[in-house]
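Structural features, examined
Read off the chains here:
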Amino acid sequence: MGIEDYGGGQQSQSDVMVVTTNDVPGFHVDRVIGEVFGLTVRSRHLGSQIGAGLKSMIGGELRGLTKTLVETRNQAMERLVEQARTRGANAVLMFRFDVTEAAEVGTEVCAYGTAVVIAPKS
C-alpha cells in the first residue's frame, strides 16, 4: 500500500471549496446558507477485527482499519460537499469531522461545516 491509500481530502477541481478556517483569504461571505453535514456508518469486517486483535498484541499500525477509516471519512466529506452544492453553496467553512462508535458494531463518521456563498474581494 502506498501513501495515496492513506490520504484524503478534496479534489483540486471541486466547485465547492472546503476549509477548516472561519474565512477564506481574498474572499468575503455573501450569504450564509447554514449547517451541512455528510454522514456514513461502516460496520466492522470480521477479518479485520481478528487481524486487529492479533496485531494489538504485538503492536504496530492496523493498516486495514486505517484504510477503512480514510475511505469512510472521504465518503462523509463527499456527502457534505454534495449537500452544500445542492443548497447553492460554493464553500463550506469551519469544516470538521466527528467520529463515534455506532452501537458497538461500527463507526459513524460525520463531516460537518457551514455552507456559504463566497465571492472574491474587489
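This report concerns the structure included in the present document.

Topic: helix H2 (residues 63–86)
- Compared with the 34 Å implied by 1.5 Å per residue over 24 residues, the 35 Å span of H2 between its first and last C-alpha is a close match.
- Within H2 the residues assigned to the buried category are Val70, Thr72, Ala76, Met77, Leu80, Val81 and Ala84.
- Buried-residue contacts for H2 involve strand E1 (17–18), strand E2 (27–43), strand E3 (91–102) and strand E4 (106–120).

Let's talk about the pairing of E3
- The pairing of E1 with E3 spans two bridges and is classified as parallel. Bridging from a neighbouring strand, Val18 pairs with Val92 of E3.
- Strand direction decides the pairing type here: E3 and E4, joined by 10 bridges, are antiparallel. Bridge pairing in E4 places Val99 opposite Val109.
- Counting the residues in the hairpin turn of E3 and E4 gives three residues, including Ala103, whose phi is positive at 55°.

Side note on unusual backbone geometry
- Despite not being glycine, Met94 shows a phi value in the positive range, around 55°.
- Following the sequence through the fold, Met94 ends up in strand E3.
- Here Met94 falls in the partly exposed class, since its relative accessible area comes to 31%.

Focus: the environment of Val109
- One can find Val109 in strand E4.
- Between the C-alpha atom of Val109 and that of Val99, which follows or precedes it by 10 residues, the distance is 4.6 Å.
- Setting aside chain neighbours within four positions, we find Val109 in contact with Gly38, Leu39, Thr40, Leu69, Thr72, Arg73, Ala76, Phe97, Asp98 and Val99.

What counts and what doesn't
- Residues numbered from 1 in each chain as written.
- Predicted model: local features only at pLDDT ≥ 70, side-chain atom pairs only at ≥ 80, totals over all residues.
- Heavy atoms only, no water.
- Helix = DSSP H or I, 4+ residues; strand = E, 2+ residues; numbered from the N terminus.
- Expected span 1.5 Å × (residues − 1).
- Buried < 20%, exposed > 50% of the residue type's maximum accessible area, 1.4 Å probe, protein only.
- Contact = heavy atoms within 4.5 Å.
- Pairing = 2+ DSSP bridges.

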